[in-house]
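Here are the chains, one letter per residue:
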Amino acid sequence: MTNMKICLGVLLLLLPTIATAFNIGSHHEVNRISTPRNIAAVGCVTALFSSQDPSSQQPTSEATPVKLARSQTRKKDLKTFARYLEIESWKRGSEARDLEIVLRSMGDACKQISRIVQRAQTDDLYGAAVGVDGSPLDENVQGEVQQKLDLVCNAIMLKQFCGSSNVISAVASEEEDSYRTCCDVMGNSAFAIGDYVAVFDPLDGSKNIDASLPVGTIFGIYKCPPGTTPSENTFLQKGNDMVAAGYCLYSATTILVLTMGAGTNGFTLDPDKGIFLHTHPDIRIPAAGPIYSFNEANYRDFSSPVQQYLNGLKEGSSSIGIRSNARYIGALVADVHNVLINGGIYGYPGTRKNANGKLRLLYESNPMGMIIEQAGGAASTGTGRILDVQPTGIHMRIPTFLGSIENVYELDQFHQYYSDEDEDET
Ligand code: F6P
């Protein structure tokens, strides 16, 4: 009897869940039936409605695979990436048609890199790159050991930007010391005529690869000032001048997130068809959110405003009134994507040793900043807007805070109130 009462109590509490599990009055996913809470509920329901004699129950047979109703397995009717670009360029005119070609080849680059990342373990593509004599290659211009995959992915991006259209005339890669013209990349002077230049980080967070963790690709596209041929100065435009930016995240799914300056859109790679589908139309980042994504191992080196800000989050005294949740994957694309979808803040601050932090303005902070702003978020150095920063060199670094507008605003406020403390210490 007591058991019966307990079961009735649990049943009442879980009625909505049970209704969902049995698909009563809703069309939620059938697989919710397999969560532990639902299994408990189903157990109770069985006990309540089965006969008293357990031996009269049907013998349990081999576990039968859960069958999904047809309506739940059907592919969603989503626009393809190619179709999306076609419509956008029709809406925006000739300039967008140039971008359409380049962005389409970025979609192809992401597909190629996605496959390579998946095959890295089986095809011996892990680890540091070595030269023909088998010794490790020199560090790149950032002072980082280049991984084999960095080089393979760099080659893919160079070829996709320079070789697939006459739109891009020069490129700057995070992996290379200086910018290169597309004539140089392709070994052919026919590739000199494009009106745009591109910047990219071919495999962001590549150290994650060895542990099968998420990595990404980031890119930005700028127009050459009219009547100029590309030089280093062409790349030293403010983030405000970017005409398009995007990233690909290689994770549980491969997703391409893109802005052409009028909103942010996301496309997921359909693994069956090998095409990107428009799964995330007009992404809007929550105005405030719980995630904070900092490498807190560096806490003692952060400036006082950042330390005070993080202390506040952990003490629960944040003015945005949401309980904070720490997440740090160590790949910018993955961490920022999480913030874009769930709301919160990503930060790579300056440290007492490196006042400008680690992230590169051209290849990382600007493109990610544009994407976040176009989704309704904010991109700050802590003391100003990232996209307003005048680059002074193609590998320049910048303190970077990206995320929900309220979270980033709060961080900026800490910079205003506590900036004197660091000055006092010096
Ligand atoms: O800039 C490269 C990068 O791998 C980013 O993708 C990532 O956010 C950051 O470095 C991680 O750096 P750290 O290991 O110092 O936290």
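In this text, all values refer to a predicted model and were calculated from it rather than measured experimentally.

Attention shifts here to the overall build of the protein chain. Within the protein chain, the regular secondary structure consists of 13 helices and 13 strands. Out of the 426 residues belonging to the protein chain, those deemed buried represent 41%. By sequence separation, contacts in the protein chain at least 24 residues apart represent 66% of the contacts at least 6 residues apart.

The subject of this paragraph is the sheet that holds strand S11 (residues 344–348). Strand order across the open sheet formed by five strands is S10-S9-S11-S13-S12, with mixed pairing between neighbours. With partners counted over all chains shown, the strands left at the sheet margins are strand S10 (325–326) and strand S12 (378–380), one partner each. Direction of pairing for strand S9 (residues 291–293) relative to S11: parallel, over a ladder of three bridges. When the bridges of S11 are listed, Tyr292 appears paired with Ile345.

Now for the nonpolar core. Residues Ile168, Val171, Ala198, Leu256, Val336 and Ile372 are the most contacted members of the largest nonpolar core, which totals 95 residues. Residue contributions to this core peak at eight residues, all from helix H6 (residues 94–119). Shared between two domains, this core holds at least three residues of each, these being domain 2 (81–275) and domain 3 (291–425). Not counting residues within four places of it along the chain, the set of residues in contact with Val336 comprises Tyr346, Met368, Ile372 and Leu402.

Our next topic: the sheet that holds strand S7 (residues 264–270). Strand order in the open sheet formed by eight strands is S2-S1-S3-S4-S5-S6-S7-S8, with mixed pairing between adjacent strands. Every other strand in the sheet has two partners, leaving strand S2 (180–181) and strand S8 (275–280) as the edge strands with one partner each. Sheet topology note: the strand S4 (residues 215–223)/strand S5 (residues 242–250) ladder contains eight bridges and is antiparallel. Bridged to Gly220 within S5 is Ala245.

In the vicinity of the ligand, the residues found are Asp204, Gly205, Asn295, Gly330, Ala331, Leu332, Asp335, Tyr348, Lys358 and Leu359. Among the residues forming the shell around the ligand, the class breakdown is four nonpolar, three polar and three charged.

Take helix H11 (residues 332–342) next. With nine of 11 residues buried, H11 lies mostly within the body of the structure. Of the residues making up H11, those classed as buried are Leu332, Val333, Ala334, Asp335, Val336, His337, Asn338, Val339 and Leu340. At the C-terminal side of H11, Gly343 shows a positive phi close to 85 degrees.

Moving on: the packing of helix H5 (residues 81–92) against H6. The contact between H5 and H6 brings their axes to 8 Å, and the two run at 165 degrees. Comparing the axis directions of H5 and H6 gives the class roughly antiparallel. The interaxial crossing formed by H5 with H6 has right-handed handedness. Of the residues in H6, those in contact with Phe81, Ala82, Leu85, Glu86, Glu88, Ser89 and Arg92 of H5 are Glu95, Ala96, Arg97, Glu100, Leu103, Arg104 and Gly107.

Before going further, it helps to spend a moment on the environment of Val152. Summarising the element assignment, Val152 is placed in helix H7 (residues 148–163). The sequence separation of Val152 and Leu203 amounts to 51 residues, and the corresponding C-alpha distance is 9.3 Å. Ignoring anything within four residues of it in the chain, the contact list for Val152 reads Ile116 and Leu125.

Bringing unusual backbone geometry into the picture now. Despite not being glycine, Ser212 has its phi angle at roughly 55 degrees, a positive value. The topology assignment puts Ser212 in the loop between strand S3 (196–204) and S4. Classification of Ser212 by C-beta neighbours within 10 Å gives exposed; the count is 12. Notably, Asp282 is not glycine yet its phi reads approximately 40 degrees, a positive angle. Among the structural elements, Asp282 can be located in the loop between S8 and S9.

As a further point, take helix H10 (residues 304–315). The terminal C-alpha atoms of H10, which comprises 12 residues, lie 16 Å apart, in line with the 16 Å expected from a rise of 1.5 Å per residue. By the burial criterion, the buried members of H10 are Pro305, Val306, Tyr309, Leu310 and Leu313. Down the axis of H10, the buried side of the element spans an arc of 130 degrees, and every buried residue falls inside it. Turned more than 90 degrees away from the buried face of H10, the exposed residues are Asn311, Lys314 and Glu315. Downstream of H10 by one or two residues, Gly316 has phi in the positive range, about 80 degrees.

Our focus in this paragraph is the confidence of the model for the protein chain. Per-residue pLDDT for the protein chain averages 84, and the proportion of residues at 70 or more is 80%. With pLDDT under 50 throughout, residues 1–60 is counted as low confidence; its partners more than four residues away or in other chains account for 39 contacts.

Rules behind the numbers
- Counting from 1, residues in each chain are numbered in the order their sequence is written.
- Whole-chain, interface and lining totals are the exception, using all residues; otherwise, since this is a predicted model, local features are given only for residues with pLDDT of at least 70 and side-chain atom pairs are given and counted only at 80 or more.
- A run of DSSP states H or I qualifies as a helix once it reaches four residues; a run of E qualifies as a strand once it reaches two. Both are numbered from the N-terminal end.
- Exposure classification rests on a simple neighbour count of other C-beta atoms within 10 Å of a residue's own: a residue reaching 20 or more is buried, one at 12 or fewer is exposed, and one in between is partly exposed. C-beta atoms are placed from the backbone.
- Once C-beta atoms are placed from the backbone, any two residues with those atoms within 7 Å are in contact.
- A pair of strands is labelled paired if DSSP reports no fewer than 2 bridges between them.
- For this analysis, nonpolar core means a set of buried Ala, Val, Leu, Ile, Met, Phe, Trp, Tyr and Cys residues linked through C-beta atoms within 7 Å.
- For every domain, the bounds stem from an assignment made automatically or drawn from a database.
- By convention here, the C-beta atom is placed from the backbone, and a residue is near a molecule or strand when that atom is within 6 Å of it.
- The nonpolar class holds Ala, Val, Leu, Ile, Met, Phe, Trp, Tyr, Cys and Pro. Asp, Glu, Lys and Arg form the charged class, and all remaining residues, Gly among them, are polar.
- Angles run from 0 to 180 degrees between N-to-C directions of axes, and those axes are lines fitted to C-alpha atoms, restricted for helices to the stretch in contact.
- Oblique is the label for any angle not under 35 degrees, not over 145, and not in the 65 to 115 range, which are roughly parallel, roughly antiparallel and roughly perpendicular in turn.
- By convention the crossing between two helices is left-handed if the near helix lies anticlockwise of the far one by an angle smaller than a right angle, and right-handed if it lies clockwise.
- By this rule the span expected of a helix is its residue count minus one, scaled by 1.5 Å.
- The arc in question is the one traced by the directions running from the helix axis out to the C-beta atoms.
- Each residue carries a pLDDT score, the predictor's confidence in it, ranging from 0 to 100.

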